[in-house]
Amino acid sequence: MLKVDSIKKGIVIDHITAGMGYEIFTELKLDEVEYTTALIRNVSSRKYGKKDLIKIDNVVDLDLDMLGLLDPNITLVIIEGEKVVDKIKLSLPNEVKGILNCKNPRCVSTIEHIDDITFYLANEENREYRCEYCDAPYYPKRK
Ligand SMILES: [Zn+2]
């Protein structure tokens, strides 16, 4: 059993789908920071079989929309004074702004180089998002 007691104040990104940990670790640029971080892969979990886990020994602002988009199974565990003070269960965001780019070459957002596009969740089961300008579907990558 993995313990969080080595973190005095920080965040554990728990219940990452096994195999997604490295991608999330690099997406959060945790490979570039100075404080202590740990990526732990293929942890046995009674509930999920195997999972990945990231420990961050620092107080950081995480983009929950981006994280939820990458892996909606994630639970964030907030640590303070070596104790768990909060748990946040992520889910697929209903809409995301400025994270995804439209892949339709004829979309007005592509032609006019608009960055802050909003994509709306159209189908949760298929993880399908749609562009606010042209309605083109977008499937965020997943395992
Ligand atoms: Zn579009």
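This one's a predicted model, so the numbers in the text were calculated from it and none came from an experiment.

1. Overview of the pairing of strand E4 (residues 75–80)
Sheet topology places strand E1 (residues 9–17) next to E4; six bridges connect them, and they run antiparallel. The residue bridging Ile 11 from the neighbouring strand is Ile 78, located in E4. Inspection of the sheet shows E4 paired to strand E5 (residues 83–89) by six bridges, in the antiparallel sense. Bridged to Leu 76 within E5 is Ile 88. Following E4, the chain reverses through two residues before pairing antiparallel with E5; Gly 81 in that reversal takes a positive phi of roughly 55 degrees.

2. Brief notes about the environment of Val 108
For Val 108, the location among the structural elements is in helix H3 (residues 108–111). Remark: the alpha-carbon pair of Val 108 and Ile 16, spanning 92 residues in sequence, is separated by 35 Å. Each residue touching Val 108, except ones within four places of it in the same chain, is listed here: Tyr 133 and Cys 134.

3. Quick word on the domain arrangement of the protein
Interfaces are frequently sized by the accessible area removed from exposure as the parts join. On domain assignment, one finds that the protein holds domain 1 (9–89) and domain 2 (95–138). A C-alpha centroid distance of 27 Å is found between domain 1 and domain 2.

4. A look at the nonpolar core
Soluble globular proteins tend to pack their nonpolar side chains together in the buried interior. Val 12, Ile 13, Ile 16, Ile 24 and Ile 54 are the most contacted members of the largest nonpolar core, which totals 24 residues. Of all the secondary-structure elements, those providing two or more residues to this core are E1, helix H1 (21–27), strand E3 (49–56), helix H2 (64–70) and strand E8 (128–131). No other element matches the four residues that E1 contributes to this core. Here this core spans two domains, and each of domain 1 (9–89) and domain 2 (95–138) adds at least three residues to it.

5. Considering the sheet that holds E5
Strand order in this open sheet of five strands is E2-E3-E1-E4-E5, and the pairing throughout is antiparallel. Each edge of the open sheet is held by one strand with a lone partner, namely strand E2 (37–45) and E5. When the angles between neighbouring strand axes are averaged without regard to direction, this sheet yields 20 degrees.

6. So, the sheet that holds strand E9 (residues 137–138)
Taken together, the four strands give an open sheet; going across it, the order is E6-E7-E8-E9, and neighbouring strands pair in antiparallel fashion. The open sheet has two edge strands with one neighbour each: strand E6 (95–97) and E9. In terms of strand pairing, strand E7 (residues 118–123) meets E8 through four bridges, oriented antiparallel. Considered in E8, the bridge of Tyr 120 is made with Arg 130.

About the criteria used
Residues numbered from 1 in each chain as written. Predicted model: local features only at pLDDT ≥ 70, side-chain atom pairs only at ≥ 80, totals over all residues. Pairing = 2+ DSSP bridges. Helix = DSSP H or I, 4+ residues; strand = E, 2+ residues; numbered from the N terminus. Contact = placed C-beta atoms within 7 Å. Domains from an automatic or database assignment. Core = buried A, V, L, I, M, F, W, Y, C linked by C-beta atoms within 7 Å. Buried ≥ 20, exposed ≤ 12 C-beta atoms within 10 Å, placed from the backbone. Axes fitted to C-alpha atoms, helices over the stretch in contact; angles between N-to-C directions.

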